[in-house]
Structure formats: structure tokens, C-alpha cells
Amino acid sequence: MGSRLIGYGSYLPEKIFTNDDFTKILDTDNEWITSRTGMKVRHFAADNETVVDMATAAAMRAIENAKITADDIDLIIVSTVTAELDFPAVATQVAAKIGMTKNQPAFDVRGACTGYIYALHCAHAFFTAGMHNRILIIGAEKMTRLIDWADRNTAVLFGDGAGALIFEHSSSSYSGIIDTVVFSDGREFDMLHGTTDHKICMNGPETYKKAVTLMPEAAQYIIDHAGITAENIDWIIPHQANRRIIESGATRLGFPMEKIIITVDKHANTSGASGALALADGLDSGLIKPGQLILYPAFGSGLTWGAALIRV
């Protein structure tokens, strides 16, 4: 009991904030940001633009791409840590906005930058159990809600946006979501977390050390568990946290950079939306072709980390 990808969509806010824009408010410059992160521009949501708005826009584009209706979907999972409301779930609000009328279930997952992997993990289990036929998975974040504009070490890292994938039940276990693995270690909470006044608190050097170790480990676990080799994988779409982290991970896995999808330069770190946005970008650009095998590794607050193997 497997799945297949039938539609995708993405949304990026209109406002673009460049590295040079940061020089007007912080003691920094374009070279400092680019050399340390690989980031050049990012999209910022408007003040009145919510996570629900962005998630809905990405979902509608995925539905149109899949050539189905909202009522053809029987589960929505949203990965986000930046919802404006404590409740209800972003997913239930999206269900209403896209026009679902059949009272299908919808829920959020809070896995931070690993959130999309956690959402895929849930969907994979549901398909394997034969519980759902079509699942809409959305990653949506308004990271600008959490930015400390006085902290140049974190302020420059994040952007806003949303990406959505729709998977349909399939009798094949060699398409769609093929395999997933997720981990966590709550003992490392202090390394990266949100504060009670809704700001990002991060130990950058320690986070970097963990990310360059744990993302490749999760990726290798998936490769071994699936019984494949690195040569079988067409593309790696790592969580877009930092170009140096991506390059280090590729080196550890023995993957050439030519097989890595990178969007951190134009999206920055969009947390739980990162993977879906990067996949949509790869499909839109024509880099990723139907039938290709994609490896998603991610690492985030929690600590959480994991990986997913997908055939598009």
C-alpha cells in the first residue's frame, strides 16, 4: 500500500528583502551574510498576511496542478510553528478556505525545520495502513513573526512562504513516499528554541555541528533501509538552513553538489516550508523530472531530524 505524487504548489510573498536591506538596520553587509549562509534574498509576508493565507495559496495551486477538487482530499496535514493563533489548527482553517465540505480530518505538526519530514512520516503511515486515499501536506511559515531584528546572527537567516504536495494512494510501494525516518532529542532543547516572547534563540556553532552530523546520518539511514545506493538517487533536497551546512552534508554523503537542489539563496530558511518550496522550485525549473528519486534530509529545533525518500 503506497502512494504517488499527483500535485504540488508553492507560494512566496511579494515583498523581497535583500542582504543590502539588512545593512540599513544591522551592523552587517552582503559579503558577511553571503559567505556565512549563502543567502542573498528572502520573501517577507505582509503584516496582514497570515500563515493560513500562505498555506491556502500553496494548497490551491497544488489542487489545480493535480486537477482535482478540494473534496477529493480526505486528510490535510500542515507543518508550521508560526501560526498566529494557538488554536484551532492551521490545517482546519485551510480546509475551510479551500472549500472542503465533507468534514475530512485536518491537523498540524510542530517539528520546526524537520516538520515537513514529520508530516510525510505521518502520511506514509496512513497510506501504508490503507486509511486515506488522498493527503494534502503543506509546509507554511511566517518566520518574520519570530525574528529578533536586533540580532544579526539570526535575523538574516529566515524567510516566509509555503509549499504543498498532494499524494494519492497507490498499489505500488516504489512511488510517492517510499520511506521515512524521524528522530528527536529533547535533551538538546537549549541549542535552538523559541522564547516566551516569541523570538528565536540559537547557539549557532553548536547547531551547525549537530546539523552537519545528524542530517547526513538520517540520509544514510534511509539509503541503507531502502536497500539502495547513493547512485540510485537523482536529487537531494536538504533542509535549506545554510549553504555551508548543505555543502558539508553533501561531502559526508559523497554526493556531488550538482545533485543538490539549493534554494537557500533566494528563499533563506523557511523552516517547515523549506522542503516543499525547494521541491516545487525544482519541478517548476525543470531540474526535477517525473519518475526521479528524491532524498529529503532535515534537522531542526527539538532537537528533531529525519529524512524521507520520494519518487515524484
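In this text, all values refer to a predicted model and were calculated from it rather than measured experimentally.

> Give a description of the overall build of the chain that names residues and reports values.
The helix and strand tally for the chain stands at 10 helices and 13 strands. Rg of the C-alpha trace for the chain: 18 Å, near the compact-globule value of 20 Å for 312 residues, within the 12% margin. The dimensions of the chain, computed from C-alpha atoms along their principal axes, are 55 × 45 × 40 Å. In the chain, buried positions account for 57% of the 312 residues. Summarising the internal contacts of the chain: among those between residues at least 6 apart in sequence, 77% fall at separations of at least 24. When the accessible area of the chain is evaluated, it comes to approximately 13,000 Å², of which 51% is carbon and sulfur surface.

> Outline a negative patch on the surface, listing residues and values.
Together, D20, D27, D29 and E31 make up a region of like negative charge exposed at the surface. Tracing the sequence through the fold places D20 in helix α1 (residues 19-22). Classification of D20 by relative accessible area gives partly exposed; the value is 47%.

> Requested: an account of the pairing of strand β4 (residues 75-79), with residues and values cited.
A regular strand carries its side chains on alternate faces of the sheet. Of all the 5 residues making up β4, 5 are buried; the element is thus mostly covered by neighbouring parts of the structure. Sheet analysis places β4 next to strand β6 (residues 134-142), joined by 5 bridges and oriented parallel. Within β6, the position partnered with I77 by the bridge is I137. With 4 bridges joining them, β4 and strand β5 (residues 106-109) adopt parallel strand pairing. Bridge assignment links V78 to a residue of β5, and that residue is D108.

> Could you give an account of helix α4 (residues 90-98), naming the residues involved and the relevant values?
Considered for burial, the residues of α4 that qualify are V90, A91, V94, A95 and I98. Looking straight down α4, one finds its buried side chains confined to an arc of 140°; they lie on one side. Of the exposed residues in α4, the ones pointing more than 90 degrees away from its buried face are A96 and K97. In this fold, the buried residues of α4 make contact with α3 (51-66), β4, β5 and β6. G99 sits one or two positions beyond α4 and adopts a positive phi of about 95°.

> Please provide a residue-by-residue account of the side chain of T80, values included.
With respect to the helices and strands, T80 occurs in the loop between β4 and α4. Residue T80 is classed as buried on the basis of its relative accessible area, which comes to 3%. A distance of 3.2 Å separates a polar atom in the side chain of T80 from the backbone nitrogen of T82. Within the structure, T80 has its side chain in polar contact with the backbone oxygen of A140 (distance 2.7 Å). What T80 contacts, discounting residues up to four positions off in sequence, is V51, V90, D108, V109, R110, A140 and E141.

> Can you explain the pairing of strand β7 (residues 160-170)? Please cite residues and give values.
With 10 of 11 residues buried, β7 lies mostly within the body of the structure. As judged from the 9 bridges shared by strand β1 (residues 2-11) and β7, these two strands associate in the antiparallel manner. Across the sheet, residue L5 finds its bridge partner in β7, namely F167.

> Tell me about the sheet that holds strand β11 (residues 235-236), and name the residues and values.
Pairing is mixed in the open sheet, where 4 strands are placed in the order β8-β13-β12-β11. Edge positions in the sheet fall to β8 (176-184) and β11, since each has one partner strand and no second. For β8 and strand β13 (residues 304-311), the ladder comprises 8 bridges, and the chain directions are antiparallel. Directly across from F183, in β13, lies its bridge partner W305. Sitting on the sheet, helix α5 (residues 115-129) touches β8, β12 (293-300) and β13, and the angle it makes with β8 is about 125°.

> Lay out the nonpolar core with the relevant residues and their values.
Residues F22, I233, I236, F255, I260, L295 and F299 are the most contacted members of the largest nonpolar core, which totals 46 residues. Taken together, the elements giving at least two residues each to this core come down to α2 (30-37), β8, α7 (204-226), α8 (243-253), β12 and β13. Among the elements that take part in this core, α7 stands out by supplying 8 residues, more than any other. Setting aside chain neighbours within four positions, we find I233 in contact with I223, I228, F255, K259, L293 and L295.

> I'd like a rundown of the pattern of salt bridges, residues and numbers included.
Per the counting criterion, the structure on display carries 8 salt bridges. Of the charged contacts in the structure, one is a salt bridge between E206 and K209, with a shortest N-O distance of 3.3 Å. Highlighted residues: E206 and K209, both in helix α7, separated by 3 residues, approximately one helical turn. On the accessibility criterion, E206 (32% relative accessible area) is partly exposed. Close ionic contact of K266 with D281 constitutes a salt bridge, the shortest N to O distance being 3.1 Å.

Calculation rules
Residues numbered from 1 in each chain as written. Predicted model: local features only at pLDDT ≥ 70, side-chain atom pairs only at ≥ 80, totals over all residues. Heavy atoms only, no water. Helix = DSSP H or I, 4+ residues; strand = E, 2+ residues; numbered from the N terminus. Rg over C-alpha atoms; globule rule 2.2 N^0.38 Å. Buried < 20%, exposed > 50% of the residue type's maximum accessible area, 1.4 Å probe, protein only. Contact = heavy atoms within 4.5 Å. Areas by Shrake-Rupley, 256 points an atom, 1.4 Å probe, with all protein chains shown as cover. Patch = residues over 30% accessible without salt bridge, like charges linked within 9 Å, V, L, I, M, F, W, Y side chains within 5 Å. Salt bridge = Lys/Arg side-chain N within 4 Å of Asp/Glu carboxyl O. Lys, Arg positive; Asp, Glu negative; His and termini not counted. Charge placed at Lys NZ, Arg CZ, Asp CG, Glu CD. Pairing = 2+ DSSP bridges. Arc of directions from axis to C-beta. Polar contact = N/O pair within 3.5 Å; in protein donor to acceptor, adjacent residues only side chain to side chain. Axes fitted to C-alpha atoms, helices over the stretch in contact; angles between N-to-C directions. Core = buried A, V, L, I, M, F, W, Y, C linked by side-chain atoms within 4.5 Å.

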